[in-house]
Amino acid sequence: MDNKNTVTLINNSTGEKFEFNLIECTRGPKAIDFGKLFETTGIFSYDPGYASTAGCKSTVSYIDGQNGILLYRGIPIQDLVEKYSFTDICSLLISGKLPKDDKESKEFELDLRQLRYLNEGLIDIFKAFPDNAHPMANLSSAVGALSTFYRGYIEIGDDDDYEMMAKRMIAKIPTLVAFSYRHSIGYPYIYPDVSLSYVENFLLMLRAFPGGKLKYTLDGEVQIDPLEVEALDKIFTLHAEHGQNASTTTVRNVASTGVHPYAAISAGINALWGPSHGGANEKVLDQLAEIGNVKNVNKFIQRVKDKNDPFRLMGFGHRVYKNYDPRAKVLKKLKDDLAKKGIKINDRFSDIAEKVEEVALTDDYFIERKLYPNVDFYSGIILSALKIPVSLFTPIFAIGRMPGWCAHVIEHIKSGARITRPRQVYEGK
Ligand code: CMC
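Residues numbered from 1 in each chain as written. Predicted model: local features only at pLDDT ≥ 70, side-chain atom pairs only at ≥ 80, totals over all residues. Heavy atoms only, no water.

Undergrad: Looking at this structure, how should I read the overall build of the chain?
TA: Scanning the chain for helices and strands turns up 18 helices and eight strands. The burial tally for the chain puts 48% of its 429 residues in the buried class. In the chain, once contacts between residues fewer than 6 apart in sequence are set aside, the share between residues at least 24 apart is 70%. For the chain, the accessible area works out to roughly 21,600 Å², and carbon and sulfur atoms hold 51% of it. (Helix = DSSP H or I, 4+ residues; strand = E, 2+ residues; numbered from the N terminus. Buried < 20%, exposed > 50% of the residue type's maximum accessible area, 1.4 Å probe, protein only. Contact = heavy atoms within 4.5 Å. Areas by Shrake-Rupley, 256 points an atom, 1.4 Å probe, with all protein chains shown as cover.)

Laid out in structure tokens, this is it:
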């Protein structure tokens, strides 16, 4: 073995030397193959939060955190968000390829349309939830319950099965989010409309009156604005995939036990809910409201920096990005573009957010720790402008992330990976 491709570990108390292979990758840092570390040395590695640990090999996405780069299947997200629809991105993440032409793109999208409906028995599940439940709790339960209707996927075997499993999930998740929301406000459910695109249909299910009609004014029925559709489509794309984030790792870990893929995805939805992860988008808006005025930003930032206060600036910081999150850059521009095109943005929140960013990016605390705005910082301002209720911000993240979770479930099962089973450093009696 060429010793450039190995590392040597020396146990300083015994003088023993152990050689480990370095795993080659197409981009980014190599990894030490520690799979047999315990077997050969009798010691474990300790890495709480897995900051330096790769738990799998993957081809789904690549992040260069130092340079703020994110690729889905090798393609920069800036290109994808400009040129392709969210359903094309789903096709890319699931099959590894973008649709080769309009026909293939349309066929994939039409397949999803026919799969939007829910079994009537599943719809009854929402009745069991109190109307003040958080939609993420309803959503993870409903996705878990989907596994009772598609039991066949427990023994998933061929590529068609994998694709159908993923398509069903991607098609039904907006319906589950919309039904969960309608239940929470006591409104009747609006069934999916196959004549509408992915995003139009989702907005219809959120907004329509019984019978499927939108609001009426003196000028007639208020149509869904194509600008809103385009913006939400881009938001879904920007959330579609992000390597081994907490929810995707949860999905892979749960899938490693051989459980139903929808049960694994249900677990991922729960992981996403937390404010350190996808739940941050909801909290960002709460913080902007709490700051209340541009004049209060400096005082607020002082509190965030206080080491004796666990309070954090939501929508800032990231385990991997030590530079501007490329998704946040696209979102900031999208917010400004929407305002120019006449979509009403909350100017007060937008001004406060930009001031927070300006103060933070010139403050030593943030500079030393390389804390930049992440994807959640500007998404809430845009979602509010699209009249999406705050309680749906994290469920919207879940709709966007669905193709990524499905792609990882498929990759994990196909890789034949062992069950996830880390060790612990025992400190008890
Ligand atoms: N505000 C203030 N200080 C922060 C922040 C923040 N948002 N984020 C990190 N820090 C400080 C932290 O206190 C620590 O300081 P010190 O070295 O003095 O102890 C240092 O920066 C490193 O932080 P860490 O907690 O070790 O970083 P992590 O990689 O474990 O956590 C994070 C990453 C995203 C959980 C964290 O940055 C955070 O809590 N951010 C706010 C919540 C948020 O916006 N989450 C969305 C993440 S992006 C979308 C997604 O994945 O869902």
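Undergrad: Would you take a moment to explain the pairing of strand S4 (residues 61-64) for this structure?
TA: Within a regular strand, side chains alternate between the sheet's two faces. Here S4 runs beside strand S5 (residues 69-72); their pairing, made up of four bridges, is antiparallel. Across the sheet, residue Asp64 finds its bridge partner in S5, namely Ile69. Between the end of S4 and the start of S5, which pair antiparallel, lie four residues, with Gly68 showing a positive phi angle near 65°. (Pairing = 2+ DSSP bridges.)

Undergrad: Could you clarify how one ought to interpret the domain arrangement of the chain in this entry?
TA: The figure often quoted for interface size is the accessible area lost as the parts come together. Assigned domains within the chain: domain 1 (6-54), domain 2 (71-275 + 394-415) and domain 3 (280-385). Between the C-alpha centres of domain 1 and domain 3 there is a distance of 38 Å. (Domains from an automatic or database assignment.)

Undergrad: Teacher, can you tell me more about helix H11 (residues 261-273) here?
TA: Three or four residues apart is the spacing at which side chains of an α-helix point the same way, because the helix has 3.6 residues per turn. The terminal C-alpha atoms of H11, which comprises 13 residues, lie 19 Å apart, in line with the 18 Å expected from a rise of 1.5 Å per residue. Among the residues making up H11, those that are buried are Pro261, Tyr262, Ala264, Ile265, Ser266, Gly268, Ile269 and Leu272. Among the structural elements, helix H6 (135-146), helix H7 (159-184), helix H10 (246-255) and helix H18 (393-415) are those in contact with the buried residues of H11. (Expected span 1.5 Å × (residues − 1).)

Undergrad: What is the right way to look at the sheet that holds strand S2 (residues 17-23) in this model?
TA: Hydrogen bonds along the backbone pair up the strands of a sheet, which may run parallel or antiparallel. One open sheet holds the three strands; their spatial order is S1-S2-S3, and the pairing between them is antiparallel. Each having just a single partner strand, strand S1 (6-10) and strand S3 (31-32) make up the two edges of the open sheet. Pairing of S2 with S3, which is carried by two bridges, proceeds in the antiparallel orientation. Each bridged residue has a counterpart across the sheet, and for Leu22 the counterpart in S3 is Ile32.

Undergrad: What is the right way to look at the pairing of S2 in this model?
TA: For S1 and S2, the ladder comprises five bridges, and the chain directions are antiparallel. Across the sheet, Thr8 pairs through a bridge with Glu19, a residue of S2.

Undergrad: Help me understand the site of the ligand in this model?
TA: In the vicinity of the ligand lie 22 residues, with His277, Lys307, Leu313, Gly315 and Arg319 positioned nearest. In this structure, an oxygen atom belonging to the ligand sits 2.9 Å away from a side-chain N or O atom of Arg312. In the model, an oxygen atom of the ligand is placed 2.8 Å from a nitrogen or oxygen of the Arg319 side chain. Against a free-state accessible area of 940 Å², the protein chains account for coverage of 75% of the ligand. Residue classes in the shell around the ligand are distributed as 10 nonpolar, seven polar and five charged. (Near = heavy atom within 4 Å. Polar contact = N/O pair within 3.5 Å; in protein donor to acceptor, adjacent residues only side chain to side chain. Nonpolar A, V, L, I, M, F, W, Y, C, P; charged D, E, K, R; others polar.)

Undergrad: Which parts of the structure should I look at to understand a nonpolar patch on the surface?
TA: On the surface, Leu9, Ile32, Phe34 and Ile43 cluster together to form a nonpolar patch covering roughly 290 Å² of accessible area. Position of Phe34 among the secondary structure elements: in the loop between S3 and helix H1 (37-41). By relative accessible area, Phe34 is classed as partly exposed at 31%. (Patch = residues over 30% accessible without salt bridge, like charges linked within 9 Å, V, L, I, M, F, W, Y side chains within 5 Å. Salt bridge = Lys/Arg side-chain N within 4 Å of Asp/Glu carboxyl O.)

Undergrad: Can you help me understand the packing of H6 against H7 in this one?
TA: Each pair of packed helices gets described by two things: the angle between the helix axes and the distance between those axes. Two numbers describe how H6 lies on H7: the axes approach to 10 Å, and their chain directions differ by 135°. The orientation of H6 with respect to H7, classified from their angle, is oblique. Crossing hand, H6 versus H7: right-handed. Contacts between H6 and H7 involve Pro135, Asn138, Leu139, Ala142, Val143 and Leu146 from the first element and Met169, Lys172, Ile173, Leu176, Val177 and Ser180 from the second. Broken down by class, the residue content of the contact of H6 with H7 amounts to nine nonpolar, two polar and one charged. (Axes fitted to C-alpha atoms, helices over the stretch in contact; angles between N-to-C directions. Parallel < 35°, antiparallel > 145°, perpendicular 65-115°, else oblique. Left-handed = near helix turned anticlockwise from the far one by under 90°.)

Undergrad: I'm lost on the pattern of salt bridges in this one. Help?
TA: Pairs can form between side chains of opposite charge whenever their charged atoms are close. According to the stated counting rule, one finds 23 salt bridges in the structure shown. Ionic pairing is found between Lys127 and Asp124, a salt bridge with its closest N-O pair at 3.4 Å. The exposure class of Lys127 is exposed, given its relative accessible area of 64%. We note a salt bridge from Lys333 to Asp337, for which the minimum N-O separation is 2.9 Å. Of this pair, Lys333 and Asp337 both sit in helix H14 (residues 326-340), four residues apart, which is roughly one turn of that helix. Three or more residues joined by partner-sharing salt bridges are found here, namely Lys106, Glu109 and Arg113.

Undergrad: What exactly am I supposed to notice about a positive patch on the surface here?
TA: A contiguous patch of positive charge, built from Lys36, Arg418, Arg421 and Arg423, is present on the exposed surface. Mapping Arg423 onto the fold places it in the segment after H18. (Lys, Arg positive; Asp, Glu negative; His and termini not counted. Charge placed at Lys NZ, Arg CZ, Asp CG, Glu CD.)

Undergrad: Please explain helix H13 (residues 297-305) as it appears in this structure.
TA: For H13, the complete set of buried residues consists of Val297, Phe300, Ile301 and Val304. Angular distribution of buried residues about the axis of H13 spans 100°; they occupy a single face of the element. Tucked into the core, H13 has its buried residues touching helix H12 (280-291), helix H15 (347-361) and helix H16 (364-368). (Arc of directions from axis to C-beta.)

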